[in-house]
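Working through the structure, step by step
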Amino acid sequence: MSDHFLMFVPTDPTWQPTKADAERAVELFKSIAPNAQTIEAIFTDDVEFHHPCENWSGVDCAACGADLEDWFYETTDKVYRENHFADLSVTTPCCGLHTSLNDLNFVWPAAFGRFALESMRPGLDTNEEQEKAIAACLGSDLRKVWIHL
Ligand SMILES: [Zn+2]
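The rules behind these values
- Residues numbered from 1 in each chain as written.
- Predicted model: local features only at pLDDT ≥ 70, side-chain atom pairs only at ≥ 80, totals over all residues.
- Heavy atoms only, no water.
- 1 Å grid on protein atoms, 1.4 Å probe; cavity = no way out; pocket = protein on both sides within 12 Å on 5 of 7 lines; lining within 4 Å.
- Points joined across faces, edges and corners; volume = space filled by probe spheres on them.
- Helix = DSSP H or I, 4+ residues; strand = E, 2+ residues; numbered from the N terminus.
- Nonpolar A, V, L, I, M, F, W, Y, C, P; charged D, E, K, R; others polar.
- Buried < 20%, exposed > 50% of the residue type's maximum accessible area, 1.4 Å probe, protein only.
- Contact = heavy atoms within 4.5 Å.
- Polar contact = N/O pair within 3.5 Å; in protein donor to acceptor, adjacent residues only side chain to side chain.
- Donors = N, O, S within 2.8 Å, 3.2 Å for Na, K, Ca; no water.
- Tetrahedral: all angles 85-135°; square planar, octahedral: opposite > 155°, others 65-115°.
- Domains from an automatic or database assignment.
- Buried area = accessible area lost by both parts, 1.4 Å probe.
- Salt bridge = Lys/Arg side-chain N within 4 Å of Asp/Glu carboxyl O.
- Core = buried A, V, L, I, M, F, W, Y, C linked by side-chain atoms within 4.5 Å.

1. Describing empty space enclosed by the protein
According to the stated counting rule, one finds one cavity of 30 Å³ or more in the structure shown. Every residue lining the largest cavity is listed: Ile 42, Thr 44, Glu 48, His 50, Gly 113, Arg 114, Phe 115 and Ala 116. Put simply, the parts of the chain that give the lining of the largest cavity at least two residues each are β2 (38-50) and β7 (111-120). Taken together, the residues of the lining of the largest cavity break down into three nonpolar, three polar and two charged.

2. A closer look at the environment of Asn 102
With respect to the helices, strands and loops of the structure, Asn 102 is situated in the loop between β5 (98-100) and β6 (105-106). Here Asn 102 falls in the buried class, since its relative accessible area comes to 2%. Here the alpha-carbon distance between Asn 102 and Ala 22, two residues 80 residues apart in the chain, equals 22 Å. Leaving out residues up to four positions away in the same chain, Asn 102 has contacts with Thr 11, Pro 13, Leu 88, Ala 111, Phe 112 and Arg 143. Polar contacts involving the side chain of Asn 102 include one to the main-chain amide nitrogen of Phe 112, which spans 3.0 Å.

3. Points about the coordination of the zinc ion
Within the first shell, the zinc ion binds the protein through Cys 61 (SG), Cys 64 (SG), Cys 94 (SG) and Cys 95 (SG), at distances of 2.3 to 2.4 Å. One can describe the site at the zinc ion as tetrahedral: its four donor atoms subtend angles covering 102 to 122° at the metal. Mapped onto the sequence, the residues coordinating the zinc ion show the spacing C-x2-C-x29-C-C. Placement of the pair is Cys 61 in the loop between β3 (59-60) and α2 (69-83) and Cys 94 in the loop between β4 (89-91) and β5, with a sequence separation of 33 residues.

4. Some words on the domain arrangement of the protein
The domain architecture assigned to the protein consists of domain 1 (1-57 + 111-149) and domain 2 (58-107). Computed from C-alpha atoms alone, the centre-to-centre distance between domain 1 and domain 2 is 23 Å. Taken together, the contact pairs twelve residues of domain 1 with 14 residues of domain 2. Of the roughly 1100 Å² buried at the junction of domain 1 and domain 2 (both faces included), carbon and sulfur atoms supply 59%. Between the two partners, domain 1 and domain 2, sit one salt bridge.

5. A word on the nonpolar core
Phe 49, Phe 72, Leu 101, Phe 106 and Phe 112 are the most contacted members of the largest nonpolar core, which totals 17 residues. Looking at this core, the elements with two or more residues in it are β2 and α2. Ranked by residues supplied to this core, first place goes to α2 with three residues. The residues that make up this core include at least three from each of domain 1 (1-57 + 111-149) and domain 2 (58-107).

What follows is the structure, given as structure tokens:
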């Protein structure tokens, strides 16, 4: 059994839309992807990490390009234990870049966030124009994450 999810996550991991804007975005996404199995707005109190599962292709330093996969998993576990992702700031071990766990170079997109607009089996891929419309509806720039279970 394999499943595909298309998820839009605000680029600011702590940001959340209003419930009304989220509902409008769900309706808009439904009009774009009428054959989607499910489309829902997901709000969480804590920041969550949306891992692309089988699509995962590694993570590199955004400054020097070093492969940070092992460090990323260790550090993500540690940050989660320490503050449940309330503070994502880190310093990369390769070149000392002060950054956020969310701003590393995920080879296949992944995202941290407290809100997600998520579709299970959307039945299509969105284009840039549709993505801009969804972002405008929510009021935030979005990161698009395809998850394959
Ligand atoms: Zn680096």
